[in-house]
Number of protein chains: 2
Amino acid sequence: MTENISAALETALAYHRAWTSHDFEQAMTYVAEDIVCQAPAGRLDGAEAFRGFMGPFVQILTNSNLIAAFGDAKTAVLMYDADTVPVTDAPGAECITVRDGKISHMRIIFDRLPFDAARRAATT
Amino acid sequence: MTENISAALETALAYHRAWTSHDFEQAMTYVAEDIVCQAPAGRLDGAEAFRGFMGPFVQILTNSNLIAAFGDAKTAVLMYDADTVPVTDAPGAECITVRDGKISHMRIIFDRLPFDAARRAATT
């Protein structure tokens, strides 16, 4: 057997293409049941917790472009632009670990401040 | 002439090693005079503007570990943990473009919300 030297990158890109196309159910097929996601607000354990985090974000996404994507057999890093209903220019970065073709770990970084400001503005 | 296929990654890592070792002047030797940096608060033009952004951050940095680093001849992406005096667990991600051995463009993503919260707490 030969190992695909960019298997994690391919999985990360397939996941990315799906959710940025608003096909969140397709995106979830690349997510392991026992995913651990380290998000700005804290740690999410399992696919359902991850769904509760990313699902609402996909719903407010209006546009996204990939800035950079690198990876190897086990790990990939993606950076992307994202425009959303409450916040335009909300870029994100993900470091993804893939096990058996599914995302088992994700570290995701984005700036929550403009989302917090939009929320505050909407409730005052 | 042969092109170094990971030249940008090497520059990005040298810059990273310098500032995370608190040697900010050494880090600045890898930064182009006409750097454009897209930071969460907006665009910074030129090395002096960049110095005014990153210098204070380096001063409050207490610890940092590289999470992932990938790149090629022109572009590199780094993700890292960072602990700071006001905020522990303040990870960042950078997409760096290198021209003639210096960083000419940087897209940097981090979560400003905990820094904003710490600032608010300190002033009330």
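Residues numbered from 1 in each chain as written. Chains lettered and ligands numbered in written order. Predicted model: local features only at pLDDT ≥ 70, side-chain atom pairs only at ≥ 80, totals over all residues. Heavy atoms only, no water.

(A) View of the interface of chain A and chain B. Contact with chain A, which involves 25 residues of that partner, is made by 25 residues of chain B. The contact between chain A and chain B buries some 2,100 Å² in all, and 72% of this surface belongs to carbon and sulfur atoms. In this structure, aspartate 81 of chain A and arginine 107 of chain B form a salt bridge, with 2.8 Å as the shortest nitrogen-oxygen distance. Remark: the boundary between chain A and chain B carries six residue pairs in polar contact (both at pLDDT 80 or more). (Contact = heavy atoms within 4.5 Å. Buried area = accessible area lost by both parts, 1.4 Å probe. Salt bridge = Lys/Arg side-chain N within 4 Å of Asp/Glu carboxyl O. Polar contact = N/O pair within 3.5 Å; in protein donor to acceptor, adjacent residues only side chain to side chain.)

(B) Representation of the sheet that holds strand E2 (residues 42-45) of chain A. Residues and elements named next belong to chain A. Read from one edge of the open sheet, six strands run E2-E1-E6-E5-E4-E3, paired in mixed fashion. In the strand order of this sheet, the two ends are held by E2 and strand E3 (61-71), each with one partner. Neighbour-to-neighbour, the strand axes of the sheet open up by a mean angle of 20 degrees, direction not taken into account. With nine bridges joining them, E3 and strand E4 (residues 75-84) adopt antiparallel strand pairing. Opposite phenylalanine 70, over in E4, you have valine 77 as the bridge partner. (Pairing = 2+ DSSP bridges. Helix = DSSP H or I, 4+ residues; strand = E, 2+ residues; numbered from the N terminus. Axes fitted to C-alpha atoms, helices over the stretch in contact; angles between N-to-C directions.)

(C) Summary view of the sheet that holds strand E1 (residues 31-39) of chain B. Residue and element names in this part refer to chain B. A sheet is described by the order of its strands in space; here six strands give the open sequence E2-E1-E6-E5-E4-E3, paired in mixed fashion. The strands lining the two open edges of the sheet, one partner per strand, are strand E2 (42-45) and strand E3 (61-71). Put simply, the sheet's adjacent strands are angled 20 degrees from each other on average, direction ignored. Pairing of E1 with strand E6 (residues 102-110), which is carried by four bridges, proceeds in the parallel orientation.

(D) Region of interest: the pattern of salt bridges. All names here are of chain A. Applying the stated criterion across every chain, the model contains 18 salt bridges over all chains. Aspartate 34 is the salt-bridge partner of arginine 99, the closest N and O atoms lying 3.0 Å from each other. Pair noted here: arginine 99 is in strand E5 (residues 92-99) and aspartate 34 is in strand E1 (residues 31-39), with a separation of 65 residues, a long-range link. One network of salt bridges, with partners in common, ties together Glu25, Glu48 and Arg51.

(E) Region of interest: the nonpolar core. Core analysis: the biggest nonpolar cluster contains 34 residues, and Tyr15, Trp19, Phe50, Met54, Met106 and Ile108 of chain A have the highest contact counts within it. Counting residues per element, this core draws most heavily on helix H1 (residues 7-20) of chain A, at seven residues. Setting aside chain neighbours within four positions, we find tyrosine 15 of chain A in contact with Ala27, Tyr30, Val31, Phe50, Met54, Glu94, Ile96, Ile103 and Met106 of chain A. By size, the runner-up hydrophobic cluster in this structure holds 33 residues, among which are Ala12, Ala27, Ala82 and Ala90 of chain B. (Core = buried A, V, L, I, M, F, W, Y, C linked by side-chain atoms within 4.5 Å. Buried < 20%, exposed > 50% of the residue type's maximum accessible area, 1.4 Å probe, protein only.)

(F) Fine view of the relation of the copies chain A and chain B. Overlaying chain A with chain B gives an RMSD of 0.0 Å, the required rotation being 180 degrees about an axis along which the chain moves by 0.0 Å. When the rotation and shift are considered jointly, the pair of chain copies conforms to a two-fold rotation axis. Nearest to the rotation axis, the C-alpha of aspartate 111 of chain A is located 2.0 Å from it, this being the minimum over chain A. Most of the interface of chain A is mirrored in chain B, where 100% of its interface residues are also at the interface. (Least-squares fit on C-alpha atoms with pLDDT ≥ 70 in both.)

(G) Local environment of the state of the cysteines. Residue and element names in this part refer to chain A. The tally for this structure, following the rule as stated, stands at zero disulfides over all chains. In this model cysteine 37 remains outside any disulfide bridge; the closest cysteine sulfur is found in cysteine 95, 11 Å from its own. Owing to a relative accessible area of 7%, cysteine 95 belongs among the buried residues under this scheme. (Disulfide = S-S within 2.5 Å.)

(H) Region of the structure containing the environment of alanine 69 of chain A. All names here are of chain A. As for its position among the elements, alanine 69 is in strand E3. For the pair alanine 69 and glutamate 10, spaced 59 residues apart in sequence, the C-alpha separation works out to 9.8 Å. For alanine 69, the residues in contact, after removing those within four places along its chain, are Leu9, Leu13, Val77 and Leu78.

(I) The arrangement of helix H4 (residues 113-122) of chain B in detail. Within H4 of chain B the residues assigned to the buried category are Leu113, Phe115 and Asp116 of chain B. Along the axis of H4 of chain B, the buried residues cluster in a sector spanning 160 degrees; they form a single face. For H4 of chain B, the exposed residues lying more than 90 degrees away from the buried face are Ala121 and Ala122 of chain B. On the buried face of H4 of chain B, the contacting elements are helix H4 (113-122) of chain A together with helix H3 (47-60), strand E4 (75-84) and E6 of chain B. (Arc of directions from axis to C-beta.)

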